[in-house]
Protein chains: 2
Amino acid sequence: MYERLKGFRDFYPEEMSARRAVFDTVETTAARYGFREIGTPHLERTQMYVDKSGEEIVEELYAFEDKGGREISLTPELTPTVARMVVAKQQELSKPIKWVSTRPFWRYEQVQQGRFREFYQTNADIFGSTEPEADAEILAFAADALFDLGLTADDFEFRVSHRDILGGLLRSFDADVDVRDAIRAVDKSEKVEREEYLGLLTDAGLSYDQADEFATLIERGDLDEIAEFGGENVEAAVENLQNVLAAAEDFGAGDVCHVSLTTARGLDYYTGVVFECFDSTGEVSRAAFGGGRYDDLIESFGGQPTPAVGVGIGAAPLQLLCQRAGVWEEELTTDYYVLTVGDTRDVASRIARDLRASGNVVEVDVSDRSFGAQMSYADSINAASVVIVGERDLENGEVTIKDMESGDQTTAPVDDFPGDRGEPTYEDYE
Amino acid sequence: MYERLKGFRDFYPEEMSARRAVFDTVETTAARYGFREIGTPHLERTQMYVDKSGEEIVEELYAFEDKGGREISLTPELTPTVARMVVAKQQELSKPIKWVSTRPFWRYEQVQQGRFREFYQTNADIFGSTEPEADAEILAFAADALFDLGLTADDFEFRVSHRDILGGLLRSFDADVDVRDAIRAVDKSEKVEREEYLGLLTDAGLSYDQADEFATLIERGDLDEIAEFGGENVEAAVENLQNVLAAAEDFGAGDVCHVSLTTARGLDYYTGVVFECFDSTGEVSRAAFGGGRYDDLIESFGGQPTPAVGVGIGAAPLQLLCQRAGVWEEELTTDYYVLTVGDTRDVASRIARDLRASGNVVEVDVSDRSFGAQMSYADSINAASVVIVGERDLENGEVTIKDMESGDQTTAPVDDFPGDRGEPTYEDYE
């Protein structure tokens, strides 16, 4: 017996049906917003990730040399690939470019609850607009996807922040601050004790008092106070954040967006609004997903300056949120099982075909089994109805339809089954 | 600028939309037959492939050592993974097990027309039935998937063969035949000259006369003659093939199934009926896809003896067949573009949300663009209608709806737009 690799998962049909329903809902929502699906390679040159994230990223990658001597990696995230694709066709693509896709990614990291080495994400991005409406459309799409999954505004919240507010504030102190390190400290602030957090900020160049003042300012989150404290650059960033929130309000996501400047997002490449989605009840403590603006990436990939904003929705954390909210359904349904008794395959097959033609899920016997064994199987696949096609019934020109929930059954003329009924039931022939 | 890896593809939205439509159709057809979707890892231990296919397979694999010292490979095919999953839960799973999935696979091989290093396949398999109905259901599902794609019985044919007819015939000669090699020769027979083919058969142990006789017998394909020539084992195999074809006839795939004993399928693990799908016009010369019975694999993977039959439909060859038959459509459609003139975002957003709620694809301005620029963009995304929400119109309580094909436009009361119309058009308000 072979073993599955650690950190990888087999999805059997029940769990997969719930996952598929969630993927389909998120993709359908994205499609309604005009995001267009793309398909992307699952391997890329390792250098692309090193350039974007530094040499240390290789430790986390499934990186190797291929048989042609190329240094390649299983893609750990979508953004570099999408950036490459935008650059490759930047002349031809009409702006804004709005792309979506759902697929697996890989990172070699410690396996823990809700974290796997192979994980799935839906990414939606807009390229080519600096306007607050673009940020807001990402927020609105993400909120609508959750609404379409059955969640309500009471179930989740988007904590919205802005990199330039944080960066501008940090630069406004009379200190030599490593903004990148300081923002990473903010990103950790909710996971560590306050003293440790202030320690990280002082490591980044602030004095202890400055760190305390900065931390207090962003915890309080009073945007007017912050704009006044931070000066011109911070003012502009505050205005941008307010404009994004106003657009998100118009776009229907106002109720779930909350300013939270202690939200920073770990990744270095964000440049403007960033946000994370949290379970409102706090039962799921990790962020369900997040996103933000990254205006510099395309240029750093050799393209023309192209602003960008996006969101990456991980399937595993989203599953936790859906389960907490009670909208995760692992269920296999079957509309009809067409049961054969004796040599009735030709008629049973005709009925099965007719039922499938109306979109029903229909199974027939492929194992030459007894009446009882077929009935047990029909039960095991949650068949709503069983159509019994028996030799003796057929002599009378009849089949039997059985409602599996009530156990009621009745006969129906074989020539009128299913007739013009898309989903014939016991009641139709009773 | 970064380069994509050779043999890998970027799918931009137009091409992806056609691919998605095909995947969705095939999966919907599978669902109606009661195939249940599974999700599978994209990496497995290399040993699994070596055990199944021999040490030489490693040359074709993206195989490497992970950071934990495990010898792993990107999955080159689904079957071993599915076999592993069946074995892991063989007690719990009710039989027949009917699984389907669509996903990428990887092989490091020569890149040529229609062959890539990253390729996509839909696999559908039935485990747990030796009955001809199981083989026939695979054939019927595959045929129905093509019908649902818009192909007709004139567009394609399934060439159906049987490994035990070929094996039994080969063993009936007074010679020490390597059946595996001889079947591989049959698999190549249509791609090489007859003399070379006969040479391969003599390499496998037949005399030249025997090779000629064997080749002639299976080319002629007279099942009665073959059964008589081959004796008892061949008779049983012929009967099985006939039973499968009879069941396929009942299941609606009779018109497209043709006996073709020169079809052998290259892979060693097939044990019974095998088949390949070909373009009837011959324009696409390669098989579009194929499948067959492999009753021994699960046991060889450490499971209880479990018969199996399946089909693997490759996206690239299927695309060629669809293109040849004229049912491949690369098109992006948008139902509505909601255009804002002046400060009308709140109303425009409300309209966009209402239209999306009825399932429409709706885009709005996220780039703060002029009327003209918005109209060009609407054109570029093939918007069917543009809803113009202008400040002045709104003062009169109106919006304008423009049919983009005819250019006709008319006004509509903003309070009644879209009203209870799921897909409001110019005509509704004319």
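Rules behind the numbers
- Residues numbered from 1 in each chain as written.
- Chains lettered and ligands numbered in written order.
- Predicted model: local features only at pLDDT ≥ 70, side-chain atom pairs only at ≥ 80, totals over all residues.
- Heavy atoms only, no water.
- UniProt positions renumbered as here; feature names shortened; annotations may be inferred.
- Least-squares fit on C-alpha atoms with pLDDT ≥ 70 in both.
- Contact = heavy atoms within 4.5 Å.
- Pairing = 2+ DSSP bridges.
- Helix = DSSP H or I, 4+ residues; strand = E, 2+ residues; numbered from the N terminus.
- Axes fitted to C-alpha atoms, helices over the stretch in contact; angles between N-to-C directions.
- Buried < 20%, exposed > 50% of the residue type's maximum accessible area, 1.4 Å probe, protein only.
- Arc of directions from axis to C-beta.
- Salt bridge = Lys/Arg side-chain N within 4 Å of Asp/Glu carboxyl O.
- Domains from an automatic or database assignment.
- Phe/Tyr/Trp six-rings, centres within 6.5 Å; stacked < 30°, edge-to-face > 60°.

By the naming in an unreviewed UniProt entry, chain A goes by Histidine--tRNA ligase and is assigned to Haloferax profundi. Under the heading Catalytic activity (unreviewed entry), UniProt records this for chain A: "tRNA(His) + L-histidine + ATP = L-histidyl-tRNA(His) + AMP + diphosphate + H(+)".

1. Overview of the relation of the copies chain B and chain A
With an RMSD of 0.0 Å, the fit of chain B onto chain A corresponds to turning through 180° and sliding 0.0 Å along the axis. Within this description, the copies of the chain are treated as partners about a two-fold rotation axis. The C-alpha atom lying nearest the rotation axis in chain B is that of Phe64(B); the distance is 3.3 Å. Both copies share a contact surface, since 99% of the interface residues of chain B are interface residues in chain A too.

2. Concerning the sheet that holds strand β14 (residues 383-390) of chain A
Residue and element names in this part refer to chain A. Spatially, the five strands line up as an open sheet ordered β13-β12-β14-β15-β16, and their pairing is mixed. Of all the strands in the sheet, the pair left with one neighbour each is β13 (362-364) and β16 (409-413). The sheet shows a mean angle of 25° between the axes of neighbouring strands, direction not considered.

3. Examining helix α14 (residues 371-380) of chain A
All of the buried residues along α14(A) are Gln374(A), Met375(A), Tyr377(A) and Ala378(A). The buried residues of α14(A) all sit within an arc of 160° when viewed along its axis, so they share a single face.

4. Observations concerning the UniProt feature "domain: Aminoacyl-transfer RNA synthetases class-II family profile" (unreviewed entry) in chain A
The residues that UniProt annotates with the feature "domain: Aminoacyl-transfer RNA synthetases class-II family profile" (unreviewed entry) are residues 31-133 of chain A. In this annotation, residues 31-133 of chain A is assigned 21% helix and 31% strand; the end-to-end C-alpha distance for the span is 18 Å.

5. Some thoughts on the pattern of salt bridges
In this structure the tally under the stated criterion is 54 salt bridges over all chains. Here Asp10(A) and Arg4(A) are joined by a salt bridge, their closest N and O atoms 3.0 Å apart. Across the pair Arg324(B) and Asp155(B) runs a salt bridge, and its minimum N-O distance is 3.3 Å. With Arg324(B) in helix α12 (residues 315-325) and Asp155(B) in the loop between α4 (132-148) and β7 (156-162), this pair connects stretches of sequence that are 169 residues apart. For Asp155(B), a relative accessible area of 13% gives the class buried. By sharing partners, the salt bridges in this structure join Arg4(A), Asp10(A), Glu44(B) and Arg84(B) into a single network.

6. Things to note about the pairing of strand β6 (residues 118-127) of chain B
Along a regular strand, successive side chains alternate from one face of the sheet to the other. Residues and elements named next belong to chain B. β6 sits mainly inside the fold: ten of its ten residues count as buried. Side chains Glu118, Tyr120, Thr122, Ala124 and Ile126 project from β6 onto one buried face, and the interleaved Phe119, Gln121, Asn123, Asp125 and Phe127 project onto a second face that is buried too. Note that strand β5 (residues 97-106) and β6 share ten bridges and pair antiparallel. Residue pairing for β6: Thr102 is matched across the bridge by Thr122. Pairing geometry for β6 and strand β11 (residues 308-314), over seven bridges, is antiparallel. Residue pairing in the sheet places Asp125 in a bridge with Gly310 of β11.

7. Digging into the domain arrangement of chain A
In terms of domain boundaries, chain A breaks down into domain 1 (13-40 + 75-325) and domain 2 (334-429). For domain 1 of chain A versus domain 2 of chain A, the separation of C-alpha centres amounts to 51 Å.

8. Let's talk about the packing of aromatic side chains
Within the structure shown, the criterion is met by 43 aromatic pairs over all chains. Ring centres 5.5 Å apart and planes at 80° place the aromatic pair Tyr62(B) and Tyr108(B) in the edge-to-face group. Of this pair, Tyr62(B) sits in the loop between α2 (46-53) and β3 (63-65) while Tyr108(B) sits in the loop between β5 and β6, and the two are 46 residues apart along the sequence. Take Tyr62(B) and Tyr108(B): they sit in the same class, and that class is buried. Every member of this aromatic cluster is reached through a ring pair, and the members are Tyr12(A), Trp99(B), Phe127(B), Tyr269(B), Tyr270(B) and Tyr294(B).

9. Some words on unusual backbone geometry
Residue and element names in this part refer to chain A. Following Lys95, the chain continues to Pro96 via a peptide bond in cis, the omega torsion being -5°. Mapped onto the elements, Pro96 comes out in the loop between α3 (79-88) and β5 (97-106). Look at the link from Phe417 to Pro418: it is a cis peptide, with omega at 0°. Checked against the element boundaries, Pro418 lands in the loop between β16 and α16 (426-429). Located in the positive-phi region is Asp368, a residue other than glycine, with phi close to 50°. With respect to the helices and strands, Asp368 occurs in the loop between β13 and α14. Judged by relative accessible area, which is 57%, Asp368 ranks as exposed. Its identity is not glycine, yet Asn382 carries a phi of approximately 55°, on the positive side. Note that Asn382 resides in the loop between α14 and β14.

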